[in-house]
Every structure is written in structure tokens, then in C-alpha cells.
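# Architecture at a glance
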Amino acid sequence: MTAPEGVDEEKRSTLRRFAAVGAASPLAGFSDSANADTGESKTRDAIAGYLSTTPGAHFSKIRDDLQLGTGETQHHLRRLEERDAVERYSDGDYKRFVLAGRFDEFEKNALGYLRRTTPRGMLIELLRDPDASAGDLADSLEVSAPTVSKYAGKLESAGLLSREDGYSVERPTTVLLLLIRHADSFGDRATALARESDELLTYDG
């Protein structure tokens, strides 16, 4: 079935927008020279542009946000991986993607949890108020205390949180900078945090 014209135009507009970001980066032009002027090159540039603004996105989010088909997304990500332009890594049930060579293992772990609503909220609140208790986090995020405890355990196992004396973020400057640099892709809490960044960048990360 042919997609409605409006949907196709929306997809083209989305791809053009992210392709412009990708084409402006050193990672542009991943297609074979024979395909350099085809839509394949534009789509790969769009994926690269998307991952530069939304690192740690999982497969379904890339596919849906860029309005690509499943097979189309698999094909282009595979080609980008073959050319060492994109890295794939496992995060529980998710396969996440970042531009190659941009992030260390700690940062990739952090991006995975920052892409989850409750863990991201916990990290943001702890960066804002390092003395926040589990109860404070539950109240601020409007979740239950067991939910906070569950994710605190996961964050600790991932090396992102210490629970030795209350809760404290590991490598806080690193986590804060990831949130600031990609705030638009992390939602309103991250955007608000970015506005406070001058005051918060006193951590030793």
C-alpha cells in the first residue's frame, strides 16, 4: 500500500533535517562512491546526524523517529557499522547505537540509563541536589519508593551510582556534560538542568 503523500513529505523533511547535520560532520559520505548521489547516502547521513544529537538511541527509536522501515534501518545501520562509523552495544534488551569513537564504556552505560525516564530523573535530581534522599527522589519524580530502590540498584550495578552514604552520582561531571550536550533529546528536566549548568559545574567528575 502506498503511503499518503503527506506522510512521505514528512519523512523526507525529517531525513533532510538530520542529513544536514550528518553531512556537516567529519563522518559524512558513508556510501560507496557509486551511490554518493543516491537516497542511500542521504539516509545514512541522516542516521549519522540523528545519532550525533541522540546518542544511545535504540534501534526502534531510530527507525520510528526517522520514519524508516525496519529492513531499511537494519540495512543502513549495518553499512555504517561495517565502515566503523557507528558502534552498536547491548543494554539489557536493547541494542543501542552511538557514533564510533565518541564515548567510553562508562559514557555508553550512562547514555543507556539516561534514555530511561526514571533513572534519568534520579540522576538529574541527584546532580541538582546531591543530598537528596530516596524519599526526596520518589516525591520529585512521582514514583514509589520501591521504584527508586529498584533503579538505584541497577544504577549502582552499572557503576553510575554509589549507595555507600546515601545516593551519589559517580563521575558526576561526565554525566552532567552528557545531559547538557544532548539536553534536547532528554526532555524538559534535562533542558532545565542545562540552564542551571554554570552553577552545577563545580563537581569533580
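The present account deals with the structure reproduced in this document. Remember, predicted model here, so these are calculated numbers, not experimental data. (Residues numbered from 1 in each chain as written. Predicted model: local features only at pLDDT ≥ 70, side-chain atom pairs only at ≥ 80, totals over all residues. Heavy atoms only, no water.)

## Digging into the pairing of strand β3 (residues 94-99)
Under the convention used in this document: DSSP calls a pair of strands paired once it identifies at least 2 bridges connecting them. Secondary structure elements follow DSSP: runs of H or I no shorter than four residues count as helices, runs of E no shorter than two count as strands, and numbering proceeds from the N terminus.
Sheet topology places strand β1 (residues 57-58) next to β3; two bridges connect them, and they run antiparallel. Within the sheet, the bridge partner assigned to Ala-57 lies in β3 and is Phe-97. Inspection of the sheet shows strand β2 (residues 86-91) paired to β3 by six bridges, in the antiparallel sense. Looking at the pairing, Glu-87 lines up with Val-98 of β3. Between β2 and the antiparallel strand that follows it, β3, lie two residues; Gly-92 among them carries a positive phi value of about 65 degrees.

## Let's talk about the nonpolar core
Applied cut-off: Here the nonpolar core consists of buried residues drawn from Ala, Val, Leu, Ile, Met, Phe, Trp, Tyr and Cys, with membership extended through side-chain atoms lying within 4.5 Å. Residue exposure (1.4 Å probe, protein chains only): buried if accessible area is under 20% of the type maximum, exposed if over 50%, otherwise partly exposed. Here a residue-residue contact requires only that any non-hydrogen atoms of the pair lie within 4.5 Å.
If you look at the biggest cluster of nonpolar residues, it comprises 34 residues, and the most contacted ones within it are Met-122 and Leu-179. Secondary-structure elements contributing two or more residues to this core are α5 (105-114), α6 (117-128), α7 (134-141), α8 (145-157), α9 (172-181) and α10 (188-195). Residues in contact with Leu-179, not counting those within four places in the same chain, are Leu-114, Arg-120, Ile-124, Leu-127, Phe-186, Ala-190 and Leu-193.

## What about α9?
With seven of ten residues buried, α9 lies mostly within the body of the structure. Within α9 the residues assigned to the buried category are Pro-172, Thr-173, Thr-174, Val-175, Leu-176, Leu-178 and Leu-179.

## Thoughts on the sheet that holds β3
For clarity, the cut-off: To define axes, lines are fitted to C-alpha atoms, for helices over the stretch in contact only, and angles between the resulting N-to-C directions are given on a 0 to 180 degree scale.
With antiparallel pairing, the three strands of this open sheet are ordered in space as β1-β3-β2. Strands at the two margins of the open sheet, each flanked by one partner only, are β1 and β2. Sheet contacts for helix α4 (residues 70-82): β2 and β3; angle to β2, the most-contacted strand, approximately 110 degrees.

## A few points about the pattern of salt bridges
Heads up, the condition is: Salt bridges are identified by distance alone: a Lys or Arg side-chain nitrogen within 4 Å of an Asp or Glu carboxyl oxygen.
Counted by the stated rule, this structure contains 13 salt bridges. With its nearest N and O atoms 2.9 Å apart, the salt bridge here joins Arg-63 to Asp-64. Exposure remark for Asp-64: the relative accessible area of 46% places this residue in the partly exposed category. Between Lys-108 and Glu-105 there is a salt bridge; the shortest N-O distance is 3.0 Å. Taken together, the residues Lys-108 and Glu-105, both in helix α5 and three residues apart, mark about one turn of the helix. Assessed through its relative accessible area of 7%, Lys-108 is described here as buried.

## So, a negative patch on the surface
Let me state the cut-off plainly: Patches in this entry comprise residues that are over 30% relatively accessible and not in a salt bridge; like charges within 9 Å are linked, as are nonpolar side chains (Val, Leu, Ile, Met, Phe, Trp, Tyr) within 5 Å. Using a 1.4 Å probe, the Shrake-Rupley method yields the accessible areas, and only the shown protein chains count as cover for residues. Positive charges come from Lys and Arg, negative ones from Asp and Glu, while His and the chain ends are left out of the count. To locate a charge, take NZ of a lysine, CZ of an arginine, CG of an aspartate or CD of a glutamate.
A surface patch of negative charge is lined by Asp-129, Asp-131, Asp-136 and Asp-139. Within the fold, Asp-136 resides in helix α7.

## Here we look at the packing of α6 against α8
For the record, the criterion: Roughly parallel here means an angle under 35 degrees, roughly antiparallel means over 145, roughly perpendicular means 65 to 115, and every remaining angle is called oblique. Under the scheme applied here, ten amino acids are nonpolar (Ala, Val, Leu, Ile, Met, Phe, Trp, Tyr, Cys and Pro), four are charged (Asp, Glu, Lys and Arg), and all others, including Gly, are polar.
Contact geometry of α6 with α8 gives a least axis separation of 10 Å together with a crossing angle of 80 degrees. As the angle between them shows, α6 and α8 are arranged roughly perpendicular. Seen from α6, the contacting residues are Thr-118, Pro-119, Met-122 and Leu-123; seen from α8, they are Thr-147, Val-148, Tyr-151, Ala-152 and Leu-155. Residue composition of the contact of α6 with α8, by class: seven nonpolar, two polar and no charged.

Function-wise, these values are silent; they only describe arrangement.
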